[in-house]
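# Inside the fold
Spelled out from the first residue to the last, the chains are:
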Amino acid sequence: MKIILLVLVMGILFPGCDDNSTNNTNNANNTNNANNANNVNNANNVNNTNNSNNSSPGQLDCTGATVHVSPTGDDGADGSESTPFASLIRARDAARLMTADGSPVKICVREGTYPQLSTLEFTDGDSGSADAPVEWVAHPGEQVILTGGISVSGSDFQPLDPSDPNYDRFSPAARSAIQSVNLTTIGATDLGTLEQRGYTSHGNLSALELVYGGEMMQLARW
């Protein structure tokens, strides 16, 4: 009787455990499915949010611009469309005078490269106000480049002169193939100090950099 009872009890208990395990598994699957569905929905919501953020604002243009600036302009001009300023600093200063009486200002920047030999500084006041904002707008379809470098043209280079202190360092066969430029004559007066740089010399800034065709060149080291 004990043996039969034990078998019956085991027979009653084990199927019940299997059912609960199955139910728990199903519940876990349902939970996972629900979580997956939520994750998909959340992902969709994120995508929708990103799509909303990626939507392009209204196209900015120079319509109604009150100040114009162009690399071919003149800082002594009046900053109009026909006689623009030449520098961003001059345009900024003109905008400051206009905002002093509460007028909104739109500055139209024409295509070209604008060398910044000193820091172009802005204050809170250079933003204007909610009723009279200051807007800087690149002319539609044109590329505007701000650079802290100095452009060196081919005409700035001259054949190596015998009076050059480095003349005797080059072999006679190489001298005729060498071109040189005096950087101070083109405005590069602060040449810095050459220091060891690289993996073991953290924090040492590059004293001078040369970029040609969009690629960094290697300065002579010896």
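Residues numbered from 1 in each chain as written. Predicted model: local features only at pLDDT ≥ 70, side-chain atom pairs only at ≥ 80, totals over all residues. Heavy atoms only, no water.

### Overview of the side chain of D126
When you line up the elements, D126 lands in the loop between β3 (112–115) and β4 (134–138). A polar contact of 2.7 Å, which involves the side chain of D126, links it to the side chain of R96. Apart from residues no more than four positions distant in its own chain, D126 is found in contact with R92, R96, E121 and V134. (Helix = DSSP H or I, 4+ residues; strand = E, 2+ residues; numbered from the N terminus. Polar contact = N/O pair within 3.5 Å; in protein donor to acceptor, adjacent residues only side chain to side chain. Contact = heavy atoms within 4.5 Å.)

### Examining helix α2 (residues 88–99)
Helix length check: α2 (twelve residues) gives 16 Å between terminal C-alpha atoms against 16 Å at 1.5 Å per residue, within 8%. Buried residues of α2: L88, A91, R92, A94 and A95, and no others. With its buried residues spanning 165 degrees around the axis, α2 presents them on a single face. Turning to α2, the residues buried within the fold contact β1 (67–69), β2 (105–109), β3, β4 and β5 (144–147). (Expected span 1.5 Å × (residues − 1). Buried < 20%, exposed > 50% of the residue type's maximum accessible area, 1.4 Å probe, protein only. Arc of directions from axis to C-beta.)

### Here we look at the nonpolar core
Listed in full, the twelve residues of the largest apolar core are V67, V69, F85, L88, A91, A94, A95, V105, I107, V109, Y114 and V134. It is α2 that contributes the most residues to this core, four residues altogether. (Core = buried A, V, L, I, M, F, W, Y, C linked by side-chain atoms within 4.5 Å.)

### Some thoughts on the side chain of H68
Inspection of the secondary structure puts H68 in strand β1. Ignoring sequence-local partners within four residues, the contact set of H68 consists of G79, S80, E81, P84, F85 and C108.

### Concerning the sheet that holds β4
Strand order in the open sheet made by the three strands is β1-β2-β4, with parallel pairing throughout. Either end of the sheet is taken by a strand with one partner, and the two such strands are β1 and β4. For this sheet, the mean angle separating the axes of adjacent strands, direction not counted, is 20 degrees. (Pairing = 2+ DSSP bridges. Axes fitted to C-alpha atoms, helices over the stretch in contact; angles between N-to-C directions.)

Geometric values such as these leave the question of function open.
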